[in-house]
Amino acid sequence: MIPTLETDRLTLRPYEFGDFDAYVEMWSDPDVVRFIGGKPFDREASWGRFARHVGQWHYMGFGYFAIIEKETGVLLGEAGFQEVRRILTPSIEGSLEAGWALLPTGQGWGYATEAMSAVIGWADTAFAGQRMTCIINPDNLPSVRVANRLGFREFARTTYKEAPIILFERSAAK
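Source: prediction; values computed, not measured.

## Considerations on the overall build of the protein
Logical step 1: Assigned secondary structure in the protein consists of five helices and eight strands.
Logical step 2: Scanning the protein from its N terminus toward the C terminus, one meets helices and strands in the order β-β-α-α-α-β-β-β-α-β-α-β-β.
Logical step 3: Relative to a compact globule of 174 residues, whose C-alpha radius of gyration would be 16 Å, the protein shows 15 Å and is just as compact.
Logical step 4: Projecting the C-alpha coordinates of the protein onto the three principal axes gives extents of approximately 40 × 35 × 30 Å.
Logical step 5: Restricting the contact set of the protein to residue pairs at least 6 apart, pairs at least 24 apart contribute 61%.

In structure tokens:
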């Protein structure tokens, strides 16, 4: 069962079919994808990504949450974990790979840190002792700051799909 998490300002819940149009809007925005492949997603590619979230929960027991602003009910972005099985050295396969993305209107308000703090808190219980990682483009300084605030520390630099990335990991809660 996919949990729903609450913070002071946010509801983190499973994606619903009705979220798809807002999801397409988010992933077609050049500002959202600037450091995530750099190419806006069309409706078809967005559908594949959207549907993958359901599969992550089904097969892995974790996935991404839709970030909903409590005050307005508006989808602000997503946050959670995935298992991508990336062809990457060093490998992060088998870890809880953290990720977050916000629409430009949701950026700069601390929502990513707030959402991921709740997600990590849930995972520290649900997946106690599991390694957490994330990958971030070195030019994405706001996400690097979020990762650091969440307790992630750099452990390697490499390339993924011909782009430079920083690999971060977070020690498991005790």
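## A short note on the pattern of salt bridges
Logical step 1: The tally for this structure, following the rule as stated, stands at twelve salt bridges.
Logical step 2: Note that Arg-86 and Glu-97 form a salt bridge whose closest N and O atoms lie 2.6 Å from each other. Note that Arg-86 is positioned in the loop between strand E4 (75–82) and strand E5 (96–102) and Glu-97 in strand E5, a separation of eleven residues in sequence.
Logical step 3: Accessibility expressed as a relative area gives 4% for Glu-97, which makes it buried.
Logical step 4: In this structure, the salt-bridge partner of Glu-169 is Arg-131, at a minimum N-O distance of 3.0 Å. Remark: Arg-131 occurs in the loop between helix H4 (111–126) and strand E6 (132–136) and Glu-169 occurs in strand E8 (residues 163–170); sequence separation between them is 38 residues.
Logical step 5: We classify Glu-169 as partly exposed; its relative accessible area is 30%.
Logical step 6: Residue Arg-131 is classed as partly exposed on the basis of its relative accessible area of 30%.
Logical step 7: Look at the salt bridges and you will find they share partners, linking Arg-13, Glu-16 and Asp-19 into a network.

Cut-offs used in this document
- Residues numbered from 1 in each chain as written.
- Predicted model: local features only at pLDDT ≥ 70, side-chain atom pairs only at ≥ 80, totals over all residues.
- Heavy atoms only, no water.
- Helix = DSSP H or I, 4+ residues; strand = E, 2+ residues; numbered from the N terminus.
- Rg over C-alpha atoms; globule rule 2.2 N^0.38 Å.
- Contact = heavy atoms within 4.5 Å.
- Salt bridge = Lys/Arg side-chain N within 4 Å of Asp/Glu carboxyl O.
- Buried < 20%, exposed > 50% of the residue type's maximum accessible area, 1.4 Å probe, protein only.

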